[in-house]
Amino acid sequence: MSIYTYQPYYLYNGVSFEQPFREELTQEEIEYNIESFFSDIDRYFEAGTATFERLSENCLEITTDIFETECDERVKRCLNSLDLYSHKNCTN
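Residues numbered from 1 in each chain as written. Predicted model: local features only at pLDDT ≥ 70, side-chain atom pairs only at ≥ 80, totals over all residues. Heavy atoms only, no water.

Visitor: Please provide a residue-by-residue account of the sheet that holds strand S2 (residues 50-56), values included.
Guide: The four strands lie next to each other as S2-S3-S1-S4, forming an open sheet whose pairing is antiparallel. Each edge of the sheet is formed by a strand with only one pairing partner; in this case those strands are S2 and strand S4 (85-88). Between one strand and the next, the sheet's axes are offset by a mean angle of 30°, whatever the strand orientation. Two strands pair when backbone bridges link them, and S2 and strand S3 (residues 59-64) are joined in this way by six bridges, in the antiparallel orientation. Counted as the bridge partner of Glu 53 is Glu 61 from S3. Against the sheet, helix H2 (residues 68-81) touches strand S1 (2-9), S3 and S4, its axis set at about 25° to S1. (Pairing = 2+ DSSP bridges. Helix = DSSP H or I, 4+ residues; strand = E, 2+ residues; numbered from the N terminus. Axes fitted to C-alpha atoms, helices over the stretch in contact; angles between N-to-C directions. Contact = heavy atoms within 4.5 Å.)

Next up, the structure:
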């Protein structure tokens, strides 16, 4: 089993070609989306393929038997759905 850590955060850098109607989130929306990341992430993994532990306020540890690139891709899909980014290999 491998262990990967992610720390979600919000960054507004304006609209882009991919997101021409993107608007800046309020502080309340940012906090809600970050909390949603921790509660939604398990939906991006099949049952039994990963365990999740919140290490600190905004650091998630994922223990899984899938390859790192696949884990990163699943986390990215969850982050994208919430308009978030993440730092990988966060520390407590």
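Continuing now.
Visitor: For helix H1 (residues 27-40), give the residues involved together with the corresponding values.
Guide: Over its 14 residues, H1 extends 20 Å from the first C-alpha to the last, a length consistent with the 20 Å expected when each residue adds 1.5 Å. Buried within H1 we find Ile 30, Asn 33, Ile 34, Ser 36, Phe 37, Phe 38 and Asp 40. The secondary structure elements touched by the buried residues of H1 are S1, S2, S3 and H2. (Expected span 1.5 Å × (residues − 1). Buried < 20%, exposed > 50% of the residue type's maximum accessible area, 1.4 Å probe, protein only.)

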